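Coordinates in review
Okay, here's what each chain looks like letter by letter:
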Amino acid sequence: MRILGIESSCDETAASVVENGETVLSSVVASQMSTHGKYGGVVPELASREHLRAIVPVVREALAQGATALGDLDAIAATVGPGLVGSLLVGLTYAKSLSLASGVPLIAVNHIEGHIHAVVMESKRAGTPVQFPALALVVSGGHTHLFEVLEGFLYRLLGKTRDDAAGEAFDKVAKLLGFGYPGGPVVDRLAPFGDPLAVKFTFAKMKGNALDFSFSGLKTAVLRWVEARNMTSEIEARKALRRENAAPSIDEWRAVTPQTTLDLLASFQHAVIVELLTRARSSAEEIGAQSVIVSGGVACNSGLRGAAASARFGCPIYFPSLGLSTDNAAMIAAAAFAKLERREFASLDIAAEANLRLV
Ligand code: KG4
Ligand code: ZN
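Summary of the structure given here. Note that the structure is a prediction, hence the values are computed from the model and not measured.

**Focus on the site of ligand 1**
The immediate surroundings of ligand 1 are formed by 20 residues, with G141, D171, D188, N301 and D327 found nearest. Separating an oxygen atom of ligand 1 from a backbone N or O atom of G141 is a distance of 2.9 Å. One of the backbone N or O atoms of D327 is found 3.0 Å from an oxygen atom in ligand 1. For ligand 1, whose free accessible area comes to 550 Å², the fraction covered by protein is 90%. If you tally residues by element for the shell around ligand 1, the top one is helix α6 (residues 183-190), at four residues. Along the lines of polarity and charge, the residues of the shell around ligand 1 split into five nonpolar, twelve polar and three charged.

**Observations concerning the state of the cysteines**
Tallied over the entire structure, the rule returns zero disulfides. C300 forms no disulfide, and the closest cysteine sulfur to it belongs to C10, at a distance of 14 Å.

**Details of the nonpolar core**
Counting residues in each nonpolar core, the largest one holds 53 residues, and the members touching the most others are L135, F268 and L276. The element that contributes the greatest number of residues to this core is helix α10 (residues 259-287), accounting for twelve residues. When near neighbours in sequence (up to four residues on either side) are disregarded, F268 contacts A169, F170, V173, V187, F201, L218 and V222. Membership of the second largest hydrophobic core comes to 26 residues, among which are A54, L63, V80 and V90.

Definitions and cut-offs
- Here the residue numbering is sequential within each chain, running from 1 through the sequence in written order.
- Naming scheme: in the order in which they are written, chains are lettered from A and ligands are numbered from 1.
- Where totals are concerned, whole chains, interfaces and linings use all residues; where local detail is concerned, this predicted model gives features only for residues with pLDDT of at least 70, and gives and counts side-chain atom pairs only at 80 or more.
- Note that water and hydrogens are dropped before the side-chain values are worked out from all heavy atoms of the structure.
- Whether a residue is near a molecule or strand is decided by its heavy atoms; if any one of them lies within 4 Å of it, the residue is near.
- Side-chain atoms alone can form a polar contact between residues adjacent in sequence; in general such a contact is a pair of N or O atoms within 3.5 Å, and within protein one must be able to donate a hydrogen while the other accepts it.
- Accessible areas in this description were obtained via Shrake-Rupley with a 1.4 Å probe; residue shielding takes into account the shown protein chains only.
- Helix and strand assignments follow DSSP, with helices taken as H or I runs no shorter than four residues and strands as E runs no shorter than two, numbered in order from the N terminus.
- All amino acids are sorted into three groups, where Ala, Val, Leu, Ile, Met, Phe, Trp, Tyr, Cys and Pro are nonpolar, Asp, Glu, Lys and Arg are charged, and the leftover types, Gly among them, are polar.
- The rule for a disulfide is simple: a pair of cysteine sulfur atoms within 2.5 Å.
- Throughout, nonpolar core names a set of buried Ala, Val, Leu, Ile, Met, Phe, Trp, Tyr and Cys residues whose side chains join them through atoms within 4.5 Å.
- Only protein chains enter the area calculation, which uses a 1.4 Å probe; residues under 20% of their type maximum are buried, those over 50% are exposed, and those in between are partly exposed.
- Residues are treated as being in contact if the distance between any of their heavy atoms lies within 4.5 Å.

Honestly, it's all geometry; don't read function into it.
Structure follows, in structure tokens:
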């Protein structure tokens, strides 16, 4: 069974061919990082235009690399939501036209379910499949959600962020300090040079659902910390560095980042990690999880991976490989495999949904 997956919900145009929900024959990702980087975040109109430019060559390359012709496919899967509607429309419309032209059925996939299936697929392939019930922490630039995942891929939402997503907090803090977009990777690389306990951040106690997250207070605390100090010249030095060099090395960043700022970054990252793992552990206990899945762009974070490995969850904890943690289309094809087995096809008039929920 071969599925072509297409993903275009945010700022990556991606296509992939996956066999039997398990073997990635190809995974092509065209990133728009260089387009959005200079604006400090994703510009929706530019994103749609870049998707339009990339979609045909990216899909063609994925099919070629996977040595697969359209006629060899059992399904064509596309992300239907959540995401930027103009971006979603490009991938979904292209998937529909391929389906119409080839007679290969269409499958609609929720992007969040895709992130979960990145882990399900890799764990199957490795011969150590995820056991259910599983606790899934989906943590990216757009989402910070905790789900219970039951056999047959039934989901129950246990908690979510009430304001910013964790990746968004990384991006906003990095932008404030002059590190540019996206913020997660650079904070991740610099945090080991700072003291994670130097700046004490406190999290407000959540009223209502104790498994919900909130990251806006942490972001404001960083803002206050910066305002209380004169950091203009170091921030300007970092912006100047980025103008000269789109991808500075760690040594170049460190040359324009004093120890106090490295301590701030390390403490910020530490606070996010503690917040994520504390609520993940409580949720895992609550549902009697047999495994824990962490996925989404923030799952790339090496501090989070290290802390998760030493946190006692009482069951195996799975992260995707780095390439399958951030947005990609293999995860969309993998999620579609379970739907193909249930013959859950989409009609060609299905609409993209910016705020689509998983449950
Ligand atoms: O899953 P993803 O590619 O797109 C969304 O669905 O949002 O996640 C992108 C997010 C960005 O906010 C980025 O800063 C964050 O993931 N990210 C990281 C790291 N790599 C990417 N955050 C922390 N540490 C990283 N190493
Ligand atoms: Zn994502």
